[in-house]
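# Residue-level structure breakdown
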Amino acid sequence: PSASIVARGSAGWILVGNDRGVSSSARLGSNGQWSRWSSPCATVGGSFSDLFALSTTRLEFTCKMGGFASPLSKSAPPSAKIQSSWLYVSTNAGASFRYGPQLPFADTVIAAAPGGDLLASRPSLLELSTDAGRTWSPVYRGGWVFEAAFTSPRDAVALVERIDRNATRLISTSDGGVHWSVLAT
């Protein structure tokens, strides 16, 4: 199992699951107590996805339609196809969600900036979206980026696996993800 634990201010969310779906989830309420909570992916196939809290009220998820060995749900976006990935957004701390654009590649959004920019990774390519996932631009080549995090709207770090050299790099950006430099190997 994997877990995604996110906190912003006094709000928090937890998802636990694996490649077959979410097995548990909870939300930290304003009263300081954890309660049951369902991610938007539960109704469209149950896929596990990291969640991104961009503020105490704005959450973003990537949901794969159909999940693991599941049919396409009636709750899926109208033009969704089985195994396609879609961005889901909540502006009320996870009480409700709306789907955004279909992503041009499978569930690979790995980081979201407080300003709303998204990073996605494909083999040997890191891509940036500055319009909530509608369009994507390549910003780093040179390995599989398997972990990334924004520390502010402009600053982020990422871990890159260099398969050809059997090494891992730490890269960083200070311009919102447009340019990256190697910090350590």
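Residues numbered from 1 in each chain as written. Predicted model: local features only at pLDDT ≥ 70, side-chain atom pairs only at ≥ 80, totals over all residues. Heavy atoms only, no water.

## A few points about the pattern of salt bridges
Inspection of the entire model under this criterion finds one salt bridge. The residue Arg58 makes a salt bridge to Glu60 at a minimum N-O spacing of 2.9 Å. On the accessibility criterion, Glu60 (1% relative accessible area) is buried. (Salt bridge = Lys/Arg side-chain N within 4 Å of Asp/Glu carboxyl O. Buried < 20%, exposed > 50% of the residue type's maximum accessible area, 1.4 Å probe, protein only.)

## A look at the sheet that holds strand S5 (residues 51-53)
The strands making up a sheet associate through hydrogen bonds between their backbones, and the pairing can be parallel or antiparallel. Sheet architecture is open: four strands sit in the order S5-S6-S7-S8, paired in antiparallel fashion. Since the sheet does not close on itself, it has two edges, and those belong to S5 and strand S8 (98-102), each with one partner. Strand after strand, the sheet turns through a mean of 25° between neighbouring axes, direction not considered. The sheet contact formed by S5 and strand S6 (residues 59-64) spans three bridges and is antiparallel. Its bridge partner lying in S6, Ala53 is registered against Leu59. (Pairing = 2+ DSSP bridges. Helix = DSSP H or I, 4+ residues; strand = E, 2+ residues; numbered from the N terminus. Axes fitted to C-alpha atoms, helices over the stretch in contact; angles between N-to-C directions.)

## What to know about the state of the cysteines
Summed over the entire model, instances satisfying the criterion amount to one disulfide. Covalent S-S linkage joins Cys41 and Cys63, the inter-sulfur distance amounting to 2.1 Å. Here Cys41 and Cys63 share a disulfide; its torsion about the S-S bond, -85°, makes the bridge left-handed. Taken together, the positions of Cys41 in the loop between strand S4 (34-36) and S5 and Cys63 in strand S6 put the pair 22 residues apart, joining distant regions of the chain. For Cys41, a relative accessible area of 1% gives the class buried. (Disulfide = S-S within 2.5 Å.)

## Side note on the packing of aromatic side chains
Using the criterion set out here, one finds five aromatic pairs in the structure. Measuring from centroid to centroid gives 5.4 Å for Phe61 and Phe97, while their planes differ by 80°, and the two rings are edge-to-face. Within this pair, whereas Phe61 is found in strand S6, its partner Phe97 is found in the loop between strand S7 (85-90) and S8, the two being separated by 36 residues in sequence. A relative accessible area of 1% means that Phe61 is categorised as buried. (Phe/Tyr/Trp six-rings, centres within 6.5 Å; stacked < 30°, edge-to-face > 60°.)

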